[in-house]
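Listed below, chain by chain, are the residues.
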Amino acid sequence: MRIIIEEHPNVLDVSELLRPEPKFVDKEVSKFRDYTVDETDPLKERVRRTYKLMHTHQTVDFVKGRHADWLKFDHFKATVRQALEKLNDLVDESDPDLDLPNIVHAFQTAERARAEFPELDWLHLTGLIHDLGKVMAFYGEPQWAVVGDTFPVGCEWGPSIVYREDSFVDNPDGANPKYNTKNGMYEPNCGLEQLTMSWGHDEYLYRVLKHNGSTLPEQALHMIRYHSFYPWHSGGDYHHLTNEKDEQTKQWVLMFNRYDLYTKSTTLPDIEALWPYYQSLIDKYCPGELEF
């Protein structure tokens, strides 16, 4: 077993964490992330409308405005548990796989990671809090600016983005020569950290954790920051903008994706019974009140 981060002695080389196709799912793997258009299905139509709004309004200027607002970290203060419990009242309007409160998904993700890697407590907590940035929806942010897959703004939209063919037609950046080319406002192979991502819960929670001094390892922060960047980690897009370091990051994100995506089911965890364990992890890695 090779240790790669001394201050986190239970962080392993990512190659030791990769697993074959998950066997713990309660439906066929191919049935997840079904974005086919079906106007007779209310859930599918809800998802399509959410993405249409996202792809219309997520522009370079919009994202800059969200940074100016949310990255002051002056919207509210809360412990991690208080923020998580708000997700009892949030159903993700972009998710075709689950129509339950988001806190259920949080515990499903965390518990599956815990079952496969009981020694990696930081991974369990990452699973629990990875969607915590969705609390923005309770403070005035529309869901299309909170949930769903992410993508870089300021360059050509990747072909694997869901509903790519017709949902960006009203986005003004598509007519801007500074932003509508393959590289757009970026240099080739500049790396993920140089990209301005569409605004959502991934980037926001990453920034919240950094701002509040969380001691989660770098791998955990990368999982949180890029777990919704499906066009890159699963769709094969944007590799002309990434670098060698990002390939390692992708492996961590794909490992985490097993728990984020394939644990979605109607089987409900006993949340109250699980809180003491997860509170101990919160106290270890993200203690006290955080500034959001």
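Our subject is the structure listed above.
The following paragraphs examine the structure supplied in this document. Source: prediction; values computed, not measured.

Helices and strands together make up the secondary structure of the protein chain, namely 11 helices and 2 strands. Ordering the α and β elements of the protein chain from the N terminus gives α-α-β-α-α-α-α-α-α-α-α-α-β. The 292 residues of the protein chain split such that 54% are buried. Across the protein chain, every contact between residues at least 6 apart in sequence was considered, and the portion connecting residues at least 24 apart equals 79%. Accessible surface, the protein chain: about 12,700 Å² in total, of which carbon and sulfur atoms supply 48%.

Attention now moves to the packing of helix α4 (residues 102-116) against helix α5 (residues 121-129). Contact geometry of α4 with α5 gives a least axis separation of 7 Å together with a crossing angle of 165 degrees. Comparing the axis directions of α4 and α5 gives the class roughly antiparallel. Relative to α5, α4 is oriented so that their crossing is right-handed. From α4, A106, F107, T109, A110, A113 and R114 reach across to α5, where they touch L123, H124, G127 and L128. Of the residues belonging to the contact of α4 with α5, the class tally is 6 nonpolar, 3 polar and 1 charged.

Note on placement: E45 falls in helix α1 (residues 42-57). Here E45 falls in the buried class, since its relative accessible area comes to 10%. Residues within four places of E45 in sequence aside, it is in contact with V37, D38 and E39.

Turning next to the packing of aromatic side chains. Summed over all chains, the structure comprises 17 aromatic pairs. For the ring pair Y51 and Y163, a centre distance of 5.8 Å and an interplane angle of 50 degrees mean the geometry is tilted. With a gap of 112 residues between them, Y51 in helix α1 and Y163 in the loop between α5 and α6 (164-167) connect regions that are remote in the sequence. Taking relative accessible area as the criterion, Y51 reaches 0% and is therefore assigned buried. Seen in terms of ring centroids, W70 and Y204 are 5.1 Å apart; in terms of plane orientation they differ by 65 degrees. Their pairing is edge-to-face. Taken together, the residues span a long stretch of sequence, with W70 in helix α2 (residues 60-70) and Y204 in helix α7 (residues 201-211) at a distance of 134 residues. Note on accessibility: W70 and Y204 belong to one class, buried. One aromatic cluster is present, built from ring pairs that chain together F107, W275, Y277 and Y278. Sitting over the ring of W275, R81 keeps its end group 4.2 Å from the ring centre.

With that settled, the discussion passes to the environment of Y206. The residue Y206 is located in helix α7 in this model. When its relative accessible area of 11% is taken as the criterion, Y206 is described as buried. Between the C-alpha atoms of Y206 and H222, which are 16 residues apart in sequence, the distance is 7.9 Å. Not counting residues within four places of it along the chain, the set of residues in contact with Y206 comprises L221, I224 and R225. At 3.4 Å, the side chain of Y206 forms a polar contact with the side chain of R225.

Parameters at a glance
Residues numbered from 1 in each chain as written. Predicted model: local features only at pLDDT ≥ 70, side-chain atom pairs only at ≥ 80, totals over all residues. Heavy atoms only, no water. Helix = DSSP H or I, 4+ residues; strand = E, 2+ residues; numbered from the N terminus. Buried < 20%, exposed > 50% of the residue type's maximum accessible area, 1.4 Å probe, protein only. Contact = heavy atoms within 4.5 Å. Areas by Shrake-Rupley, 256 points an atom, 1.4 Å probe, with all protein chains shown as cover. Axes fitted to C-alpha atoms, helices over the stretch in contact; angles between N-to-C directions. Parallel < 35°, antiparallel > 145°, perpendicular 65-115°, else oblique. Left-handed = near helix turned anticlockwise from the far one by under 90°. Nonpolar A, V, L, I, M, F, W, Y, C, P; charged D, E, K, R; others polar. Phe/Tyr/Trp six-rings, centres within 6.5 Å; stacked < 30°, edge-to-face > 60°. Lys NZ or Arg CZ within 6 Å of the ring centre and 35° of its normal. Polar contact = N/O pair within 3.5 Å; in protein donor to acceptor, adjacent residues only side chain to side chain.

In short, shape yes, function no, at least from these values alone.
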